[in-house]
Amino acid sequence: MAKKAYLEITNVCNLSCSFCHGTRREPRFMTAHEFTKAAEKLRPFADYLYFHLLGEPLLHPQVGELLGIADTLGFRVNLTTNGTLLREKGDTILSSAALHKVSISLHSYEVNSLGMSLDEYLDMCFEFCKKAQSKGVVAVMRLWNKGGADSMNEKILAKMHCQFIGEWKEIYSGYKIEEYIFLEWGELFEWPDMNAPDFGAFHSCYGLRDQVGVLSDGTVVPCCLDAEGDINLGNIFEEELDDILTSQRAEALRESFRTRNITEPLCRRCGYAARFRH
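Residues numbered from 1 in each chain as written. Predicted model: local features only at pLDDT ≥ 70, side-chain atom pairs only at ≥ 80, totals over all residues. Heavy atoms only, no water.

Visitor: Help me understand the packing of helix α3 (residues 86–94) against helix α4 (residues 118–134) in this model?
Guide: When two helices pack together, their arrangement is given by the angle between the helix axes and the distance between those axes. Contact geometry for α3 and α4: axes closest at 10 Å, N-to-C directions at 10°. Considered as vectors, α3 and α4 are oriented roughly parallel to each other. Every residue of α4 that contacts α3 at L86, R87, G90, D91, I93 and L94 is listed here: D123, M124, C125, E127, F128, K131 and A132. Here the residues of the contact of α3 with α4 are counted per class, giving seven nonpolar, one polar and five charged. (Axes fitted to C-alpha atoms, helices over the stretch in contact; angles between N-to-C directions. Helix = DSSP H or I, 4+ residues; strand = E, 2+ residues; numbered from the N terminus. Parallel < 35°, antiparallel > 145°, perpendicular 65-115°, else oblique. Contact = heavy atoms within 4.5 Å. Nonpolar A, V, L, I, M, F, W, Y, C, P; charged D, E, K, R; others polar.)

Visitor: How should a negative patch on the surface be read in this particular structure?
Guide: Judged by side-chain charge, E238, E239, D242 and D243 come together as a negatively charged surface patch. Looking at the secondary structure, you find E238 in the loop between β10 (220–221) and α6 (241–245). (Patch = residues over 30% accessible without salt bridge, like charges linked within 9 Å, V, L, I, M, F, W, Y side chains within 5 Å. Areas by Shrake-Rupley, 256 points an atom, 1.4 Å probe, with all protein chains shown as cover. Salt bridge = Lys/Arg side-chain N within 4 Å of Asp/Glu carboxyl O. Lys, Arg positive; Asp, Glu negative; His and termini not counted. Charge placed at Lys NZ, Arg CZ, Asp CG, Glu CD.)

Visitor: What is the right way to look at the sheet that holds strand β5 (residues 138–146) in this model?
Guide: In spatial order, the strands read β6-β7-β8-β5-β4-β3-β2-β1-β9-β10; together these ten strands make up an open sheet with mixed pairing. In this open sheet, the two strands that pair with only one neighbour each are β6 (169–171) and β10. Pairing analysis gives five bridges linking strand β3 (residues 76–81) to strand β4 (residues 99–105), with the strands arranged parallel. Each bridged residue has a counterpart across the sheet, and for N78 the counterpart in β4 is K101. Each of β1 (4–7), β2 (48–50) and β9 (211–214) touches helix α1 (residues 32–42); the most contacted strand, β1, lies at about 165° to it. The sheet contacts of α4 involve β4, β5, β7 (174–178) and β8 (181–187), and relative to β4 the element is tilted by about 165°. (Pairing = 2+ DSSP bridges.)

Visitor: Looking at this structure, I do not really get the nonpolar core. What am I missing?
Guide: Generally speaking, nonpolar side chains in soluble globular proteins are found buried as a group. Residues F35, L42, L49, F51, L106, Y121 and M160 are the most contacted members of the largest nonpolar core, which totals 73 residues. Those residues within four positions of F35 in sequence are excluded, and the remaining contacts are L7, I9, M30, L49, F51, L66, I69 and A70. Of all hydrophobic cores here, the second largest spans eight residues; its members include L54, A227, C270 and A273. (Core = buried A, V, L, I, M, F, W, Y, C linked by side-chain atoms within 4.5 Å. Buried < 20%, exposed > 50% of the residue type's maximum accessible area, 1.4 Å probe, protein only.)

Visitor: Would you mind showing me how to read the environment of Y272 here?
Guide: Position of Y272 among the secondary structure elements: in the segment after α7 (248–259). Judged by its relative accessible area of 36%, Y272 falls in the partly exposed class. With 67 residues separating them along the chain, Y272 and C205 place their C-alpha atoms 9.7 Å apart. Y272 has contacts with F189, E190 and L225, leaving out every residue within four places of it along the chain.

Visitor: How should I be thinking about the packing of aromatic side chains in this particular structure?
Guide: The description of two aromatic rings rests on the distance between their centres and on the angle between their planes. Applying the stated rule across the entire model yields five aromatic pairs. Judged by centre distance (4.5 Å) and plane angle (25°), the rings of Y6 and Y50 are stacked. Of this pair, Y6 sits in strand β1 while Y50 sits in strand β2, placing them 44 residues apart in sequence. Each member of the pair, Y6 as well as Y50, is classed as buried. (Phe/Tyr/Trp six-rings, centres within 6.5 Å; stacked < 30°, edge-to-face > 60°.)

Visitor: In this structure, what is going on with unusual backbone geometry? I would like to understand it.
Guide: Trans is the common state for peptide bonds, and a negative phi is the common state for residues other than glycine. Residues other than glycine seldom take positive phi values, yet Y180 does so here, at roughly 75°. Note that Y180 resides in the loop between β7 and β8. Classification of Y180 as partly exposed rests on a relative accessible area of 32%. With a phi angle near 55°, R260 is a residue other than glycine that sits in the positive phi range. With respect to the element layout, R260 can be found in the segment after α7. Residue R260 is classed as partly exposed on the basis of its relative accessible area of 27%.

Visitor: Looking at this model, I keep getting lost on the packing of α4 against helix α5 (residues 153–163). Mind explaining?
Guide: Following both chains from N to C, one finds α4 and α5 inclined at 45°, their axes separated by 11 Å at the closest point. In this view, α4 runs oblique relative to α5, as classed from their interaxial angle. The interaxial crossing formed by α4 with α5 has right-handed handedness. Residues L118, D119, L122, D123, F126 and K130 of α4 lie in contact with α5, whose contacting residues are K155, I156, K159, M160 and Q163. Residue composition of the contact of α4 with α5, by class: five nonpolar, one polar and five charged. (Left-handed = near helix turned anticlockwise from the far one by under 90°.)

Visitor: Would you mind going over the pairing of β3 with me for this structure?
Guide: Burial analysis of β3 places five of its six residues in the buried class, which makes it a mostly covered element. Viewed along the sheet, the connection from β2 through helix α2 (residues 63–72) into β3 turns out right-handed. Assessed by its sense of winding, the connection that carries the chain from β3 through α3 to β4 is right-handed. (Right-handed = clockwise from strand over helix to strand, strands pointing away.)

Visitor: Can you walk me through the pairing of β7 in this structure?
Guide: Remember that side chains alternate between the two faces of the sheet whenever the strand is regular. Looking at chain direction, β6 and β7 are connected through three bridges and run antiparallel. Opposite E170, over in β7, you have Y175 as the bridge partner. From the end of β6 to the start of β7, which pair antiparallel, there are two residues. Bridge analysis of β7 against β8 gives four bridges, and the strand direction is antiparallel. Across the sheet, residue K176 finds its bridge partner in β8, namely F182. Between the antiparallel neighbours β7 and β8 lie two residues, among them Y180 with a positive phi of about 75°.

Right, dumping it as structure tokens:
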């Protein structure tokens, strides 16, 4: 399994989605110098680089430059966006040879006032998907809202069927619509939060095994869901990643995942991991 590194190039977002944890951290954009330093240290660990934990990556004024740095280092970049800036920034990101996949959170429309109609929003997203397809970039349209803000799903799917007329192939996560274009289903889940209920110790996680996260200030966290940096393992701008990942706290966390005996308070409060505790 190829390992993944989540590098939060910004924690700033232009939307406020009810299903997103959000952050109390200071708004921040990672500089190109900081990005290079972090990415160089992450490269031996991971093949895939994700430009987020929180935040809208297309808001970063140097997103094209950061993709260029990632390309030089040999990363394959995955990017998740709410889609609102695809017309403005789509050509910029698609010009990078490093870009592997773009996931568009279509479920963000229902819980925000975007200043555009649903048809306008979807047309923009569909247009981008077709451009991505022409360049061999995977485009995933997400509806991660089962059991939540999903009242517009039927309208979204109807319009999608009109745009993509061929036969959709059902896969484990949704549908393969066309070559390089996918629809992905998902259920709403509770982000881990120190104020959330304790789900107990008996579950596991891929954190520190096949993934690691770096917040925009350099804080290293075990997974892509530690929105506040509650499990602060060190700072990649100041320390070597090997030292961070072999620290006493990191080793103890990795062992707790292996034995399914979670001790970190945040991990015990992870609504996503709790799905797999049995």
